[in-house]
Amino acid sequence: QVQLVESGGGLVQAGGSLRLSCAASGPTFSTSTMGWFRQAPGKEREFVSAITWSGGNTYYGDSVKGRFTISRDNAKYTVSLQMNSLKLEDTGVYYCAAQDSNAQYGVPLMIHATRSQFYFNWGQGTQVTVSS
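Per-chain numbering applies: the sequence of each chain, read as written, is numbered from 1 onward. Predicted model: local features are reported for residues with pLDDT of at least 70 only, side-chain atom pairs are reported and counted for 80 or more only, and whole-chain, interface and lining totals are derived from all residues. Heavy atoms from the whole structure form the basis of all side-chain values; hydrogens and water molecules are not counted.

### With respect to the state of the cysteines
For the record, the criterion: Any two cysteine sulfur atoms within 2.5 Å of one another count as a disulfide. Put simply, DSSP H or I for four residues or longer makes a helix, DSSP E for two residues or longer makes a strand, and each gets a number counted from the N terminus. Think of it in three bands: residues with accessible area under 20% of the maximum for their type are buried, residues over 50% are exposed, and the middle band is partly exposed, with areas taken using a 1.4 Å probe on protein chains only.
Here the structure, examined in full by the defined rule, presents 1 disulfide. Cys-22 shares a disulfide with Cys-96; S-S distance 2.0 Å. Handedness here is read from the sign of the S-S torsion; for Cys-22 and Cys-96, about -80°, the answer is left-handed. Of this pair, Cys-22 sits in strand S3 (residues 18-25) while Cys-96 sits in strand S9 (residues 92-100), placing them 74 residues apart in sequence. Neither Cys-22 nor Cys-96 differs from the other in exposure class; each is buried.

Below you can see the structure in the form of structure tokens.
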């Protein structure tokens, strides 16, 4: 199965920027969509952004629209998340996740790309801390 490794997390002041990367290895040909989720202490995992591997369709959670940008580098099998104008509430562990291109989904793409239960593989996460 595809292996995912996140990097780029760290400590940043509110209003600053940070760029996260997710490197995929293994049978990446079976991956259709890659997404970013985050989880703050005491809260459930939250959808941040997603992108389809071949078509480049992008999706964003309401709380990050206009501030975060997701992109992909097909040659390097890497997905990045550029985070600008960071807020205190952006603090959390950020996870990269992948969906299986062979999976059968009975819901529209915008649904299964934005909900964690449809992702089959996850990275270990990288900590993002936004300070005042």
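### Some words on the sheet that holds S3
Note the cut-off: Strand pairing is defined by DSSP finding a minimum of two bridges between the two strands. Axis angles are defined between N-to-C directions and span 0 to 180 degrees, where every axis is a line fitted to C-alpha atoms and, for a helix, only to the segment in contact.
Strand order in this open sheet of 4 strands is S1-S3-S8-S7, and the pairing throughout is antiparallel. Each end of this open sheet is capped by a strand with a single partner; those strands are strand S1 (3-7) and strand S7 (68-73). Averaged over all neighbouring strand pairs, the angle between strand axes comes to 15°, with direction disregarded.

### What to know about the environment of Thr-28
On the secondary structure map, Thr-28 appears in the loop between S3 and strand S4 (31-39). Accessibility expressed as a relative area gives 7% for Thr-28, which makes it buried.

### Section: unusual backbone geometry
Its identity is not glycine, yet Tyr-77 carries a phi of approximately 50°, on the positive side. Relative to the elements of secondary structure, Tyr-77 occurs in the loop between S7 and strand S8 (78-83). Within the chain, Ser-85 stands out as a residue other than glycine whose phi angle is a positive 50°. Topologically, Ser-85 is positioned in the loop between S8 and S9.

So far we have only geometry, and geometry alone does not tell us how the molecule works.
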